[in-house]
Amino acid sequence: MTAADIARLAAVGRAAVSNWRRRHDDFPQPVGGTAVSPTFSLAEVEAWLRGQGKLADSPVRERVWQTLRGAAYGDVELADVLAFAGAFLLYLRADRDHWRELSAAPDEKIAEALPGAVRAHTALMPDVRPADPVPLIRALSQLVDELGVAETFEFLRTRYLEHHSRRVYLTPDPVVRLMLDLGGPARTVLDPACGTGAYLGMANDLFKDVEKLLGQEIDDTTARMSAIQLALRGAPAEIHSGDSLIADAFAGRTVDLVVTNPPFNDRGWGYEQLTGDPRWEYGLPPRMESELAWLQHGLAHARPGGVVVMLMPPAVANRRSGRRVRAELLRRGALRAIIGLPPGAVPNMAVALTVWVLRRPSPGDQPPDDVLMVDTSADPTSFEKVALNAWRNYLKGKDDGTDSSVVVRIIDLLDDEVDLTPARYLPQRSAPTSEGSFTVARELLSAKTEELQRTATELSFLTQSKARDDVSMTTIGELAKAGVLDVLRGPAKVKTGEGNVPVLTFEDLAEHRDPRATAAETPDDLRLHTGDVVVSLAARYPAVRVVSEDGAILGPGLAVVRVDPSRSDPDFVAGWLLLGAQGARLRSATSSARFDVRRCRLPRLPLDGQAELGRAFRKLSTLQTTLRETYEAGTNALRLGLEELATGTLRPSDRTE
């Protein structure tokens, strides 16, 4: 294992590992690698970390990952080994009893019988496999006992994606969720460029009564991994490898929703081969406009009345070469909305992307005479809510009452340019509705600034001291096994919009607000109690809260650590969970990475020691809240100041500063 692997195992940075090597004479010596990038024995490192009380990760997990990496040798790529591991897990999920019987046999018999046993349950077994698969599958079966089948593959898949983050393009979860909300609900979904399966996996979690999830991915290995991941979660998925434009795996099949993030600026999309393709109902896509080919591919697979939601670069809205196709999409009523995302909403993109929403007209439909234009660039922290509210109000024939969206008549778009850039049609911000609003905002900012100063001053009780290394550490998982606390998760889906029971969602937790959604009560609900510690499971978005009121339902993507107040202090547990969640964010390279609550480390302290630290954590949490409120007050004062200066309702005084 490398220094990076050791850092992950101990939940520290690589600098800490380098420091240990310098300071501790008994630190394990390298067993391979180079002077610049040495490798170490997992067993020796594990023993040393355990002796030092620094072992944060599950040794079984790291052993499985290292075994999997070690099985990649010669012509066997790491991706092939991962696919083999996934196929074995599918067999294990389907016939655990057969594996229990087979695992008692000698290794030679297992190696001989395993391929046939796996193929009896899945067609996803790769042709290229490890030369000696038995050590890997024995390690995998151990990890399954700890995590479960689906979570074992998700752990390995996340590690793989982290190691290949420069080669694997991932769409962030908030963008995926927004696009599915715009197009759903749906029972049948197609992603023709499904990649790692983000859209299909979330569709399976988000939509009720999903009947079929179809996906195609040009890379065979990625397609196989996505198929395995979805199969392990029981999703009704059908995944094929291949180029969707040139070799459509689902020709003639239609679905309720087509949603994807297709490849951009693809010069080799098949213009010559596909010139007469029947999918080009709205015009032959120009050679340099592969995105318009993807849009029409989606419409060809949407049933009458079905929806297409695609992520597009902004240039698609105004390139001169594509104006004829854009005009035809407008004239025939297929294009319904274009939504501009804020810069950075999709990382590693030099431009702010847009979401196109299209609908395949049904026979006899009256073509619409307008299109919704939305620009969320002014709302980078809540762009999903802004876009979704505008879309839902548009469908109801209502104005959302903001300056972020506008309904444009199609006839006004059909000029020589057919420019569909949303910002071009949005009005300037209206003048403030009442004089003196800047003054009120300034006074609020002043009050919040004073509150922030008081909060910061109250932290003076925290004093610097020498770090202690005599406190033994434990984990949430170990405390759960000992009965000190419980780790609970609610149902994967909560149908909101019905009933009157409040639902605490991931968004509520992340934005530090009270529950806004409601749902009807069901037997599967997990009701929150005062003192419960709620934590986000998304590694990219660390958030923790101690519940102060009974009654709300726990939403998806969240977990609860329920403590016994006579044995654990909730604020103490919350502080260490937040620390662990922030560490998970730093270690995560994928938007789908999960924070494993059970692995979170915390010190073994008596209840009075926990309470003392808990009070300190609570003070820091108050600081976080005050900082956020001060920032919001400052942003509002800045906006109103600019607006009122522009409209003349605010002007500089004659007083000389």
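Residues numbered from 1 in each chain as written. Predicted model: local features only at pLDDT ≥ 70, side-chain atom pairs only at ≥ 80, totals over all residues. Heavy atoms only, no water.

Trainee: With reference to specific residues and values, describe the nonpolar core.
Mentor: Generally speaking, soluble globular proteins have nonpolar side chains that are buried together. Formed by 44 residues in total, the largest nonpolar core has its most connected members in L68, F88 and L156. Only α4 (59–71), α5 (78–94), α6 (96–103), α7 (107–119), α8 (134–147), α9 (149–163) and α12 (220–232) provide two or more residues apiece to this core. Every residue in contact with L156, bar those within four places of it in the chain, is listed here: V64, W65, L68, L82, A85 and L140. (Core = buried A, V, L, I, M, F, W, Y, C linked by side-chain atoms within 4.5 Å. Buried < 20%, exposed > 50% of the residue type's maximum accessible area, 1.4 Å probe, protein only. Helix = DSSP H or I, 4+ residues; strand = E, 2+ residues; numbered from the N terminus. Contact = heavy atoms within 4.5 Å.)

Trainee: I'd like a rundown of the packing of aromatic side chains, residues and numbers included.
Mentor: The tally for this structure, following the rule as stated, stands at 11 aromatic pairs. With 4.9 Å between their ring centres and 70 degrees between their planes, F27 and W48 make a pair best called edge-to-face. You can see F27 sitting in the loop between α2 (14–23) and β1 (32–33) and its partner W48 sitting in helix α3 (residues 42–52), a full 21 residues away along the chain. The class for W48 is buried, based on a relative accessible area of 7%. Judged by centre distance (6.5 Å) and plane angle (65 degrees), the ring pair of F572 and W576 falls under edge-to-face. Placement of the pair is F572 and W576 together in helix α19 (residues 570–587), with a separation of 4 residues, close to one helical turn. A single burial state applies to F572 and to W576, both of which are buried. (Phe/Tyr/Trp six-rings, centres within 6.5 Å; stacked < 30°, edge-to-face > 60°.)

Trainee: Any details on the side chain of E154? Residues and values, ideally.
Mentor: The residue E154 is located in helix α9 in this model. Separated by 3.1 Å, the side chains of E154 and Q229 make a polar contact. (Polar contact = N/O pair within 3.5 Å; in protein donor to acceptor, adjacent residues only side chain to side chain.)

Trainee: A description of the confidence of the model for the protein chain should follow, citing residues and the corresponding values.
Mentor: Note that predicted coordinates carrying low pLDDT should not be read in detail. Mean pLDDT for the protein chain: 84, with 91% of residues reaching 70 or above. Confidence over residues 430–435 falls short of pLDDT 50; this stretch has 9 contacts with residues more than four positions distant or in other chains. (pLDDT = per-residue confidence, 0-100.)

Trainee: Hey, could you go over the sheet that holds strand β5 (residues 237–241) for me, with residue numbers and the actual values?
Mentor: One open sheet accounts for 9 strands, arranged β5-β4-β3-β6-β7-β9-β8-β10-β11; its pairing is mixed. Of all the strands in the sheet, the pair left with one neighbour each is β5 and β11 (405–409). Ignoring which end each strand starts from, the neighbouring axes of this sheet average 15 degrees apart. Sheet topology places strand β4 (residues 212–217) next to β5; 5 bridges connect them, and they run parallel. Across the sheet, the residue bridging to L214 is E238, located in β5. Sitting on the sheet, helix α10 (residues 173–183) is in contact with β6 (255–260), β7 (302–312), β8 (335–340) and β9 (354–359), with an inclination near 155 degrees to β7. (Pairing = 2+ DSSP bridges. Axes fitted to C-alpha atoms, helices over the stretch in contact; angles between N-to-C directions.)

Trainee: Can you lay out unusual backbone geometry for me, pointing to particular residues and giving the numbers?
Mentor: Here the amide bond leading from G184 into P185 is cis, since omega sits at 0 degrees, within 30 degrees of zero. For P185, the location among the structural elements is in the loop between α10 and β3 (188–191). One non-glycine residue, N265, adopts positive backbone phi at about 50 degrees. Its place among the elements puts N265 in the loop between β6 and α13 (290–300). Given a relative accessible area of 47%, N265 falls into the partly exposed group. In this structure, V418 takes a positive phi of about 50 degrees despite not being glycine. In this structure, V418 sits in the loop between β11 and α16 (437–457).

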